[in-house]
Amino acid sequence: MRKENNLSHLISHISNLVKMARKLLLEHINVPGINTLDVYRQHGGYRSVEKALKTMSPDAIVEEVKTSGLRGRGGAGFPTGMKWSFLAKPEGKERYLVCNADESEPGTFKDRYLMTYIPHALIEGMIVSSFALGARTSYIYVRGEMMPQIRILEKAIAEAKNAGFLGKNILGTGYDLELYVQPGGGAYICGEETALIESLEGKRGNPRIKPPFPAISGVWACPTVVNNVETIAAVVPIINDGGEEYAKIGIGRSTGTKLISASGNLNKPGVYEIDLGVPVEEFIYSDEYCGGIANGKRLKAVVAGGSSVPILPANLSLKTVNGESRLMSYESLSDGGFQSGSMLGSGGFIAFDEDQCIVRNTWNFARFYHHESCGQCSPCREGTGWMEKVLHRLEYGHGKMSDIDLLVDVARKIEGNTICPLGDAAAWPVASAIRHFRDEFEWHVTNPKEAMDRNYGLAKYADPLPKLEEVSQ
Amino acid sequence: MLSVTEQKDIEFSSSLISQFDEIVTRYPAGKQKAGLLPILHLVQAEYGWVSPEAMDKVAAYLEIKPIEVYEVATFYTMFFLRPQGKFVLEVCRTGPCCLVGAEKIMDHIEKTLGVKEGEVTADGKFSWRGVECLAACGMAPVLQIGPEYTFYENLTEQSVDQLINDLKNKI
């Protein structure tokens, strides 16, 4: 285990040396006019459409994506090629590709960035992916608040259509594809793929019971694939350079590059394209990425993959409980399970400085999930509300010591008992905050007045690393 | 408490209807209900809110039951079910924005406009509300203003004052 990790360290150091050559999605992001078709094409844009439609079969494209090891970039990390291969292909039924651009996971803003500055990367990916799946109509479901991005995409689609990359008989290959942008209405739940499908059909965003999975019965009961914006955009370099080349980037089963949305108390928040496997410490402190914690403060905690994933105290963010360097990869971030690890999720990386109150932030997240629960399943509908209320009274000085275990109990009863993962997503932040920062919750109960006036500061786990048995309590 | 505000004698303009007509071509025959969300956005952009009467008209246009429109309009947070100020300032209030001062920005807006969250200023020009994550956490704190959802990033009390002044002059 340790040996493998040392090796991984070496690989990531080598990869750092050649990092500049490795930007796949954001390579040309600073080129003036890259949002227009002409400039985008001057920088190699739409090559993958030519290659895929003229020289590859749909199945060969699916195989290439499988070879690349690309995993869903929306949060779940499910292998994209495998998801594509599940798509049913019954005779006489349309198949649909729907792009999930309902980016709403707190801490995540990479898709907004990509669509704003380099919209053709998404359009190009949509054409190649739709061809691979045999879709003749595809939709990009964009959250309604992103009206400027919707305009940008509609303009990009019109440009692509004018140039013969969309519409009838694309590039003379006989393949027809129409691509439409669909606005959402402001609902976090529509990022869940079956809720998104319901919403696309003009209904409330209530997730469906699975099975049947969308691959069998999705939009209008037709086989459907739903993929995140970044996933679709990543198909472009995979087709251009081959899946094998893509798989060389990254570490282990975390292949390729990933867009990380960095926010919170950082010197340089923003979107960064990293090779999967960069150490968390380097990501936070190096000038190439976030440039350290803002205002010269110390790091208290990290939420590494969007608000749903477990929060980790500073020490466990930088190192696993075995003392190994924590890397920005699916495997390393989840090393130690939920006892001492977290998840890469959507790559929404939120850093908390020493002045932040964990109880207040947990209450904030709980309110978010309560607000966004669709209300179908009672554990989530009621439980998220209870958690919000209990956390509110802890934060505002009316908490009882028994409230802390009550929260753990409610979180446990939501988790796994709902149709969709929103229940889990609501339970994990609360459970993990108490797991790692229980002393801070207790302090809110014992010192309610003080807790209103000042912050608790760094938790006891900040430094040094806890012992294994302390974490696994 | 549910108070229903009326919007009598509402008639969709022909340009609005022609936009509806384009929207429903995006879906297979018989699946025109999928156009509901984009159409509600257009209605709200036109009138500033979505009235029961407007919803009934949308239902008639899409050949669906009125309840199918009501249940959607009340589910999604973007649709206003009563009249708002001409400019609605929607401030993100979720975790990452709060780490860098969104709560102070909301307090400042409340003080500057002199109305509570969800209320309209006496001159009918402004209202404001906190909304959940707008997916711009790296540029926090942020707010947006419909109907085009123009975005204002890295807010400070000064930049908010400037914005409100600019909007006052714009009317």
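Residues numbered from 1 in each chain as written. Chains lettered and ligands numbered in written order. Predicted model: local features only at pLDDT ≥ 70, side-chain atom pairs only at ≥ 80, totals over all residues. Heavy atoms only, no water.

A. Here's a closer look at the interface of chain A and chain B. Listed per partner, the contact involves 57 residues of chain A and 40 residues of chain B. Here chain A and chain B share an interface that buries about 3700 Å² over both sides, 58% of which is from carbon and sulfur atoms. Inspection of the chain A/chain B interface yields three salt bridges. Across the pair A:R367 and B:E132 runs a salt bridge, and its minimum N-O distance is 3.4 Å. With eight residues, the top contributor of residues to the side of chain A that touches chain B is helix 16 (residues 358–372) of chain A. Here the side of chain A that touches chain B is built from residues that sort into 24 nonpolar, 20 polar and 13 charged. (Contact = heavy atoms within 4.5 Å. Buried area = accessible area lost by both parts, 1.4 Å probe. Salt bridge = Lys/Arg side-chain N within 4 Å of Asp/Glu carboxyl O. Helix = DSSP H or I, 4+ residues; strand = E, 2+ residues; numbered from the N terminus. Nonpolar A, V, L, I, M, F, W, Y, C, P; charged D, E, K, R; others polar.)

B. Highlighting helix 10 (residues 229–241) of chain A. Residues and elements named next belong to chain A. Burial of helix 10 is extensive: 12 of the 13 residues sit out of reach of the surface. Those residues of helix 10 that sit buried are V229, E230, T231, I232, A233, A234, V235, V236, P237, I238, I239 and N240. At the N-terminal boundary of helix 10, the capping side chain belongs to N228, with an oxygen 2.9 Å from the backbone nitrogen of E230. Phi turns positive one or two residues past the end of helix 10, at G242, with a value near 95 degrees. (Buried < 20%, exposed > 50% of the residue type's maximum accessible area, 1.4 Å probe, protein only. Polar contact = N/O pair within 3.5 Å; in protein donor to acceptor, adjacent residues only side chain to side chain.)

C. Quick peek at the confidence of the model for chain B. Counting all residues, the mean pLDDT for chain B is 94, and 96% of those residues have values of 70 or more. Overall fold confidence for the complex sits at a pTM of 0.94, while the interface term, ipTM, reaches 0.96. (pLDDT = per-residue confidence, 0-100.)

D. Looking closely at the sheet that holds strand 9 (residues 299–303) of chain A. Residue and element names in this part refer to chain A. Read from one edge to the other, the open sheet built from five strands follows the order 8-7-11-9-10, with strand pairing classed as mixed. Strands with a single pairing partner mark the edges of an open sheet, and in this sheet they are strand 8 (270–275) and strand 10 (312–313). Pairing of strand 9 with strand 10, which is carried by two bridges, proceeds in the antiparallel orientation. Its bridge partner lying in strand 10, V302 is registered against L312. (Pairing = 2+ DSSP bridges.)

E. Examining empty space enclosed by the protein more closely. Residue and element names in this part refer to chain A. For the structure shown, the criterion picks out four cavities of 30 Å³ or more. Counted as a void, the largest cavity has a volume near 80 Å³. Contributing to the lining of the largest cavity are I189, P207, S373, C374, G375, Q376, C377, C380, T418, I419, C420 and L422. Partitioning the lining of the largest cavity into residue classes produces eight nonpolar, four polar and no charged. (1 Å grid on protein atoms, 1.4 Å probe; cavity = no way out; pocket = protein on both sides within 12 Å on 5 of 7 lines; lining within 4 Å. Points joined across faces, edges and corners; volume = space filled by probe spheres on them.)

F. Representation of the side chain of B:R129 in the model. Residues and elements named next belong to chain B. The residue R129 is located in strand 2 (residues 126–131) in this model. Among the polar contacts listed, one links the side chain of R129 to the side chain of E90, at a separation of 2.6 Å. In this structure, R129 is in contact with T77, M78, F80, L89, E90, V91 and E117, ignoring residues within four places of it in sequence.

G. Looking closely at the layout of surface pockets. Estimated volume of the largest pocket: approximately 1300 Å³. A:G74, A:G75, A:A76, A:G191 and A:E192 are, among the 46 residues lining the largest pocket, the residues nearest its centre. Considering only residue class, the lining of the largest pocket consists of 18 nonpolar, 17 polar and 11 charged. There are two domains that each give the lining of the largest pocket at least three residues, and those are domain 1 (31–248) and domain 2 (358–456) of chain A. Each pocket or cavity is described by its volume, and for the second largest pocket that value is around 910 Å³. At the level of secondary structure, the elements contributing two or more residues to the lining of the second largest pocket comprise strand 7 (257–264), strand 11 (348–353), helix 16 and helix 20 (448–453) of chain A together with helix 5 (95–99) and helix 6 (102–113) of chain B. Its residues placed into classes, the lining of the second largest pocket shows 16 nonpolar, 12 polar and 10 charged. (Domains from an automatic or database assignment.)

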